[in-house]
Protein chains: 2
Amino acid sequence: MAVSNIRYGAGVTKEVGMDLQNMGAKNVCLMTDRNLSQLPPVQMALDSLVKNGINFKVYDNVRVEPTDRSFMEAIEFAKKGAFDAYVAVGGGSTIDTCKAANLYASSPHSDFLDYVSVPIGKGKPVSVPLKPLIAVPTTSGTGSETTGVAIFDYEPLKVKIGIGSRAIKPTLGLIDPLHTRHMPDRVVANSGFDVLCHALESYTALPYHMRSPCPSNPISRPAYQGSNPISDIWAVHALRIVAKYLKRAVRNPDDLEARSNMHLASAFAGIGFGNAGVHLCHGMSYPISGLVKTYKAKDYNVDHPLVPHGLSVVLTSPAVFTFTAQMFPERHLETAEILGADTRTARIADAGPVLADALRKLLLDLDVDDGLAAIGYSKADIPALVKGTLPQERVTKLSPRPQSEEDLSALFEASMKLY
Amino acid sequence: MAVSNIRYGAGVTKEVGMDLQNMGAKNVCLMTDRNLSQLPPVQMALDSLVKNGINFKVYDNVRVEPTDRSFMEAIEFAKKGAFDAYVAVGGGSTIDTCKAANLYASSPHSDFLDYVSVPIGKGKPVSVPLKPLIAVPTTSGTGSETTGVAIFDYEPLKVKIGIGSRAIKPTLGLIDPLHTRHMPDRVVANSGFDVLCHALESYTALPYHMRSPCPSNPISRPAYQGSNPISDIWAVHALRIVAKYLKRAVRNPDDLEARSNMHLASAFAGIGFGNAGVHLCHGMSYPISGLVKTYKAKDYNVDHPLVPHGLSVVLTSPAVFTFTAQMFPERHLETAEILGADTRTARIADAGPVLADALRKLLLDLDVDDGLAAIGYSKADIPALVKGTLPQERVTKLSPRPQSEEDLSALFEASMKLY
Ligand SMILES: NC(=O)c1ccc[n+]([C@@H]2O[C@H](COP(=O)([O-])OP(=O)(O)OC[C@H]3O[C@@H](n4cnc5c(N)ncnc54)[C@H](O)[C@@H]3O)[C@@H](O)[C@H]2O)c1
Ligand SMILES: NC(=O)c1ccc[n+]([C@@H]2O[C@H](COP(=O)([O-])OP(=O)(O)OC[C@H]3O[C@@H](n4cnc5c(N)ncnc54)[C@H](O)[C@@H]3O)[C@@H](O)[C@H]2O)c1
Ligand SMILES: [Fe+2]
Ligand SMILES: [Fe+2]
């Protein structure tokens, strides 16, 4: 199990200036997106920097659902600034951008593709030391404050890919439930679906001892190592919280108990999947967001078409778990039960459909678009969606059930309509 | 939550040589105790060092239940050897000794009391860099592979105290269930009681937001921060494993499922209490072992009187939880239920006695000595036992219920006889 350093509590953001001082930081870069730069979470962090006499520059040009181009801009800013520490205040888009900026500013002679995962990048291991990065998540979804992953849209191929290395994991995550009050309801819902899928996928991922190849030298083993007894604890715990609190959190911004719990669940699921990995929902989600046409997501204050990450993963989940359930049906049934399905009379052979029904019911209850068709895809797009999934081997090979291109086609097709 | 890096699996000990190579270690110190030095766990680690061409020296003079004197000897060895990495293969005694050796060899001009906790030591923060330490636990108890704590008997005062700093936490814990096969049954039982009490005490410890003082600068906050939503997960999970597997693990050395699970539970509970802390069972245990007269523990292959740590904590547990239950009765009842008590008709006011009964039943089932009287203490010793508890403020102040000297007396008295 890899390390994650987090501190939780209402108002912990106010401590960020002191943490930076304790680290001896003198020239700090605070990253965020344009929308958040006007909101209280960023203000609270800035106040703390000022109060502690920390010099800083703000970069608020993070792109929501970042791209190689938007990463590059942030990297340029970081290189010029010669910062000695970073603070990321925002959702996964901000935290991931900040990880990339820190990495490439610390390794100024690397090409951008050097650290990007194979097969698109070279997947080089990181051996340079990075600067401290404190992540303050404002969504309850990615768990990026606990993971060594940074995801972006690679525009030349119109596909989402990532950089994965323990080296880019934030030094500290400050999990402050106060920030969840400001989230619009679709951001709560979509980022909550991300938590849901991190938990479900890491719990049902290929077990660590069945993964192959298994490099004999521990240093060569992937960060995503398959499900294991430790990630299982985090996954199940996060799933229980989602089951209990997600609907309440979406529906009532003042339900601080629900929103706080989802905020923690995001980090828990992050620690789980950061060690175990995710599989098909995530692997298939990358082309779903990468190939977006004109879909505009409600409540996302941005000027470009966008399929929010959480939505892009959850829309295929009923099809995916129907497909994978035959491998570890007990685990699939167990998660269905946690999500509220009555499994007393369910047969083990029904595990897939039972879980899929529980998921569909949750999505319908939360007014989620009716499948890929509702966000602009049709049958004609399936070959491109499949093609965009193939390079996602890093995750798809963690599916408990191996999948052919035909299987992937069928999964996309089954996800066109949900209800 | 603080960090803990662990790797789990049958045979992971065989990778220790490669891990050291990856760290660039060229001159390694392997620590263990005399008994273990003749057993397979140490052999497996040594084979791996040889196979990977790592130069090493063995120090097998670790004292079971270490003292300041035995720590000092190990420190001298470490200073002379100028090692660039350490491997500890053994129980808490070995791992703790190795932590101390690494610390003081890295800080050669410090006095021994500099880093020892107040009020007996000076409790100085550690600012020197330490060498990597890989811990390979062979008992299923202390969780020392995950904690920043090293405990020893301070002979001048005949009391157990500790060194506590995140800096001494092992770089990596290799949790290898194969080693559990060799443990004699009393070592399984006593170290299992340690896990039980780590879980129970950290789950019932004063919640983190009720602890005082609460230093405004995060760097000054203690490692033991009170119970919190993250340590709770580890504690409850460890407790469930103890409830399910401890008896089986004690009774049948070939029940690898039970022993493996207890081995993991030890690390889980360690991560929990390493963040939340422990309270009265541990605080009172230190004089119970420190003042030992002639008691010889069955199955412990040593030449001195000794109250094994796990036994010294568990003997007061029925009295302690009867005393603390009035503060968080629901949590006490919940743990009783996990331990197998029928709580359907229990009233909240009965939480303490219900949990105490569940504990007594477990101890009786596992043939544990009948209280402090059975290990050589009488009423006349109570003042000395109380006096030895008073300096344990680091933990006793985490008790959910404050306690006077009279309370402590009464707790020792109530623990003289259990059944
Ligand atoms: N690194 C990882 O481990 C990981 C894991 C999963 C997903 N991701 C990536 O993270 C990105 C998605 O991140 P996300 O879902 O956290 O959302 P986001 O960062 O894309 O933000 C979504 C929108 O919500 C707004 N917002 C965020 N917090 C707010 C708040 N408290 N109040 C009001 N508005 C707020 C933002 O301004 C933005 O408009 C995707 O690129 C995805 O691929 C990364
Ligand atoms: N650092 C921490 O976080 C922490 C926590 C709790 C306790 N402790 C301390 O740890 C010490 C107790 O450690 P422990 O309970 O792990 O036991 P131990 O290290 O004292 O070992 C007990 C006995 O068991 C033998 N043994 C150990 N593993 C064996 C195996 N696999 N096969 C056969 N024999 C084996 C040892 O040789 C020894 O004789 C105490 O000093 C206690 O205060 C430390
Ligand atoms: Fe995700
Ligand atoms: Fe202990």
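Please read these numbers as outputs of a predicted model, since none were measured by experiment.

When helices and strands are counted, chain A shows 15 helices and 8 strands. Projecting the C-alpha coordinates of chain A onto the three principal axes gives extents of approximately 60 × 45 × 40 Å. Partitioning the intrachain contacts of chain A with sequence separation of at least 6 by distance along the chain shows that 77% fall at a separation of at least 24. Carbon and sulfur atoms make up 53% of the accessible area of chain A, which amounts to about 15,500 Å² in all.

We now examine the packing of aromatic side chains. Going through the model one piece at a time under the given rule, you end up with 21 aromatic pairs over all chains. Ring-pair connections join several aromatic residues into one group, and the members of that group are Phe71, Tyr104, Phe112, Tyr115, Phe152 and Tyr154 of chain A. Between the NZ or CZ atom of Arg331 of chain B and the centre of the ring of Tyr203 of chain B, over which it lies, the distance is 4.1 Å.

Another point: the site of ligand 1. Residues and elements named next belong to chain A. Taken together, 30 residues are adjacent to ligand 1, and Gly92, Ser93, Thr138, Thr139 and Thr147 come closest. Contacts to ligand 1 include Asn35, whose side-chain N or O atom sits 2.9 Å from an oxygen atom. Here Met183 contributes a backbone N or O atom positioned 3.5 Å from a nitrogen atom of ligand 1. In isolation ligand 1 offers 870 Å² of accessible surface; the protein chains occlude 98% of this area. For the shell around ligand 1, a count of residues per class yields 11 nonpolar, 13 polar and 6 charged.

A word on the site of ligand 2. All names here are of chain B. The environment of ligand 2 is formed by 30 residues, the closest being Gly92, Ser93, Thr138, Thr139 and Thr147. In this structure, an oxygen atom belonging to ligand 2 sits 2.6 Å away from a side-chain N or O atom of Ser93. The protein chains hide 98% of the 870 Å² of surface that ligand 2 would expose on its own. Those elements that place two or more of their residues in the shell around ligand 2 are helix H4 (92–106), strand E6 (149–154) and helix H5 (185–204).

When four donors bind a metal tetrahedrally, each ideal donor-metal-donor angle is 109.5 degrees, and when six bind octahedrally, the ideal angles are 90 or 180 degrees. Residue and element names in this part refer to chain A. Bound to the iron ion (ligand 3) on the protein side are Asp194 (OD), His198 (NE2), His282 (NE2) and His309 (NE2), at distances that span 2.1 to 2.2 Å. Angles of 83 to 169° at the metal separate the 4 donor atoms of the iron ion (ligand 3), which places the site in the irregular class. Counting along the primary sequence, the residues that act as donors to the iron ion (ligand 3) give the motif D-x3-H-x83-H-x26-H. Of the two residues, His198 sits in helix H5 (residues 185–204) while His282 sits in helix H8 (residues 280–290), which places them 84 residues apart along the sequence. The two residues His198 and His282 agree in class, both being buried.

Here we take up the packing of helix H6 (residues 229–251) of chain B against helix H11 (residues 329–338) of chain B. When two helices pack together, their arrangement is given by the angle between the helix axes and the distance between those axes. Residues and elements named next belong to chain B. H11 packs onto H6 with a crossing angle of 35° between their chain directions and a minimal axis gap of 9 Å. When H6 is examined against H11, the residues Asp232, Val236, Leu239, Arg240 and Ala243 are found in contact with a partner set consisting of Arg331, Glu334, Thr335 and Ile338. A breakdown of the residues in the contact of H6 with H11 according to their chemical character gives 4 nonpolar, 1 polar and 4 charged.

All names here are of chain B. Interaxial distance between H6 and helix H7 (residues 256–276) falls to 8 Å at its minimum, and their mutual angle equals 150°. Taken together, the axes of H6 and H7 lie roughly antiparallel to each other. Considering the relative orientation of H6 and H7, their crossing is left-handed. Residues Ser231, Trp234, His237, Ala238, Ile241, Val242, Tyr245, Leu246, Arg248, Ala249 and Val250 of H6 form the contact with H7, whose own contacting residues are Glu257, Ala258, Arg259, Asn261, Met262, Ala265, Phe268, Ala269, Ile271, Gly272 and Ala276. Classifying every residue of the contact of H6 with H7 by side-chain character gives 15 nonpolar, 4 polar and 3 charged.

By the definition in use, this model includes 44 salt bridges over all chains. Note that Asp299 of chain A is salt-bridged to Lys298 of chain A, the shortest N-O span being 3.7 Å. The salt bridge involving Glu155 of chain B is made with Arg69 of chain B; its shortest N-O contact spans 3.2 Å. Linking Glu155 of chain B in the loop between E6 and strand E7 (159–164) with Arg69 of chain B in helix H3 (residues 68–81), this pair joins segments that are 86 residues apart in sequence. Accessibility expressed as a relative area gives 31% for Glu155 of chain B, which makes it partly exposed.

About the thresholds
- Residues numbered from 1 in each chain as written.
- Chains lettered and ligands numbered in written order.
- Predicted model: local features only at pLDDT ≥ 70, side-chain atom pairs only at ≥ 80, totals over all residues.
- Heavy atoms only, no water.
- Helix = DSSP H or I, 4+ residues; strand = E, 2+ residues; numbered from the N terminus.
- Contact = heavy atoms within 4.5 Å.
- Areas by Shrake-Rupley, 256 points an atom, 1.4 Å probe, with all protein chains shown as cover.
- Phe/Tyr/Trp six-rings, centres within 6.5 Å; stacked < 30°, edge-to-face > 60°.
- Lys NZ or Arg CZ within 6 Å of the ring centre and 35° of its normal.
- Near = heavy atom within 4 Å.
- Polar contact = N/O pair within 3.5 Å; in protein donor to acceptor, adjacent residues only side chain to side chain.
- Nonpolar A, V, L, I, M, F, W, Y, C, P; charged D, E, K, R; others polar.
- Donors = N, O, S within 2.8 Å, 3.2 Å for Na, K, Ca; no water.
- Tetrahedral: all angles 85-135°; square planar, octahedral: opposite > 155°, others 65-115°.
- Buried < 20%, exposed > 50% of the residue type's maximum accessible area, 1.4 Å probe, protein only.
- Axes fitted to C-alpha atoms, helices over the stretch in contact; angles between N-to-C directions.
- Parallel < 35°, antiparallel > 145°, perpendicular 65-115°, else oblique.
- Left-handed = near helix turned anticlockwise from the far one by under 90°.
- Salt bridge = Lys/Arg side-chain N within 4 Å of Asp/Glu carboxyl O.

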